[in-house]
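Descriptive analysis of the structure
The residues making up each chain are set out below.
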Amino acid sequence: MADIKPFKAYRPNTDKVSKIAALPYDVYNSAEARAIVEKNPDSFLSIDRPETFFEVGHDMYAPEVYKKASDELWARIEKGDFVQDEEKCYYIYELTMNGRSQTGIVAVASIDDYMNNVIKKHENTREEKEQDRINHVYTCKAQTGPIFLCYRENEIISQIIDKVKEVDEPVYDFTSDDGVTHRVWVMTDEEENNMICRIFTSINEIYIADGHHRCASAVKVGLKMREENAGKLKGKQESDYFLSVLFPDSQLMIMDYNRVVKDLNGLSTSQFMDAVSEKFDVTEEAEAVHPSCKGEFGMYLDKKWYRLKAHKDIMKDDAVEGLDVSVLQNELLSPVLGIGDPRTDKRIDFVGGIRGLSELERRANDDMCLAFSMYPTSISELFDVADAGKLMPPKSTWFEPKLLSGLFIHEINGMI
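In this report, we go over the structure that sits alongside the text. (Residues numbered from 1 in each chain as written. Predicted model: local features only at pLDDT ≥ 70, side-chain atom pairs only at ≥ 80, totals over all residues. Heavy atoms only, no water.)

This part takes up the pattern of salt bridges. According to the stated counting rule, one finds 35 salt bridges in the structure shown. Salt-bridge contacts for Lys67 lead to Asp71; the nearest nitrogen and oxygen are separated by 2.8 Å. In this pair, Lys67 and Asp71 both sit in helix 4 (residues 63–79), four residues apart, roughly one turn of the helix. Under the relative-accessibility criterion, Asp71 is labelled partly exposed at 39%. Salt-bridge contacts for Lys120 lead to Asp387; the nearest nitrogen and oxygen are separated by 2.9 Å. Taken as a pair, Lys120 in strand 6 (residues 119–120) and Asp387 in helix 13 (residues 379–387) lie far apart in primary sequence, 267 residues in all. Under the relative-accessibility criterion, Lys120 is labelled buried at 12%. A network of salt bridges, in which partner residues are shared, links Lys16, Asp42, Arg76, Lys79 and Asp81. (Salt bridge = Lys/Arg side-chain N within 4 Å of Asp/Glu carboxyl O. Helix = DSSP H or I, 4+ residues; strand = E, 2+ residues; numbered from the N terminus. Buried < 20%, exposed > 50% of the residue type's maximum accessible area, 1.4 Å probe, protein only.)

Below, the structure written as C-alpha cells:
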C-alpha cells in the first residue's frame, strides 16, 4: 500500500508565480543558470543553483553555497514571496504543451515506500550527483523540486480531479517561457482529500518516471534526520516524506531519446553499412526518419537518412534486453562501433526528442558523424522493467513537459 499524504505547501504569491517558477536545476549548466538569474532575479533557479550568488569559479559545492540557498529561501518566505496553506491538502497540477495536457496530484510520498519498493525505480543513481541535492535539501530543510511519479490510472481519483478542475478556479494559470501552460488547483474539500489518501493505500505500485537522483537524495536526507532524531521524536516526521507529483499512466508521454556518435570506429562507410545490414533491413529514405514502431530506427550518415528494421532474431522478450535502446546498444553500438559503456564513453552523446530530428542532423554534420533516431520507450515497458526489479539502460526515457521547481515547497522540519 502506498503512503501518499497531503501537506501544507509553501507556494508563490499569485502575482509573482510566473517569475518565480523555474525549470529543474539539472536542465542548465552553471553559465546558463547565471544568465537566467541575471535576467530574472526572482527565478527560483537562484535558490536551486545558489552558486549564481557567487563569483564565477567559486566552488559550487562549498558549504557557504548551500547556506546561501537556505538563507535566500527563508528570507523570501519571510518577505511574503511565498504563502503557506493553513490546512494539509493535495494540489492538482496540469501542464499543457502543444495542445496536449497531463494532470497530476501534488503530494508527499513515503521514504519507507521507496525503501521497500512500493515506489519502484528503473535507473541507477550516481553518488556524486546525489550528494549535491542531499546537501541542498538538508541545509535548506526543504524540498524544492518535485519527483515525477506515475501510477496505473484509478477511475475514482480521475473523477475527483476532473470534478475539481470543472468546479473550482485554478490558483495559478500561466505560460512559462518554453510555451508550456501551468495550472494549479488547491484541493480544499476534506472528504475528497481523505478519499484520495484512502485510494492510494490500495495501490501497491508507484513508479519513478523522472527524478531518480532527487528522489534518492530526499530519501537519504530523511534517513539521516530520522537517525539524528532517534529517541527524541515520536511519530512520522515531514522528513519521512518527499515532494512528488503523481500522474496516471494514461496521461503520460515518453519522447524519443536519440543517439549521436563521434566516428565509425575505424570502419569505412561501406564496411559500416555492411555490418549494419547483417542485423537490420536498411532502406534509404528521402526525408528524416521518425521510427513508426518498435524495432525500427532512423539512421543519419553522410547527409542521408536510412530506415533500419531489426531482424526478428535480435529482438528479445526480456523486459530490458527487448527495449529498442538495448537492441541498438547490444547489436550495433557495442559490437560494431566499440561503445561498450554509454555512460562513460566520450564518443557517444544523447539528444532528447524535444530537440527534433534537425538537431540530430546538425550534430552529425558538425561535431559528430552518425545519428540514430529512436522509437520512444513506452510507459508499459517502463513498468515491466521496474516490476521485474531490473534497470533500464542509460538515457532510455525523455519526459516532457518538465515539472517546474518553486511552485511547491515541502518543509521537512516538524510532524507530518
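From this point, things continue past the structure.
Relative to the helices and strands, Thr397 is located in the loop between helix 13 and strand 20 (398–399). Ignoring any residue separated from it by four or fewer positions in sequence, one finds Thr397 in contact with His122, Glu123, Ala209, Ile254, Tyr257, Thr377, Leu382 and Met392. (Contact = heavy atoms within 4.5 Å.)

In this structure, Tyr93, Phe272, Leu337, Leu370, Phe372, Leu407 and Phe408 are the most contacted members of the largest nonpolar core, which totals 70 residues. The contacts of Leu337, once residues within four sequence positions are left out, are Val261, Asp263, Leu264, Asn265, Phe272, Leu332, Arg347, Leu370 and Phe372. (Core = buried A, V, L, I, M, F, W, Y, C linked by side-chain atoms within 4.5 Å.)

So, on to the sheet that holds strand 14 (residues 257–261). With antiparallel pairing, the six strands of this open sheet are ordered in space as 15-17-16-19-14-18. Both edges of this open sheet fall to strand 15 (280–285) and strand 18 (348–352), since each of them pairs with a single strand only. Recorded for the sheet is a direction-independent mean angle of 25 degrees between the axes of neighbouring strands. Here strand 15 runs beside strand 17 (residues 304–310); their pairing, made up of six bridges, is antiparallel. Looking at the pairing, Glu285 lines up with Trp305 of strand 17. Sheet strands in contact with helix 12 (residues 357–365) are strand 14, strand 16 (296–301), strand 17, strand 18 and strand 19 (370–373), and its direction is about 160 degrees off that of strand 19. (Pairing = 2+ DSSP bridges. Axes fitted to C-alpha atoms, helices over the stretch in contact; angles between N-to-C directions.)

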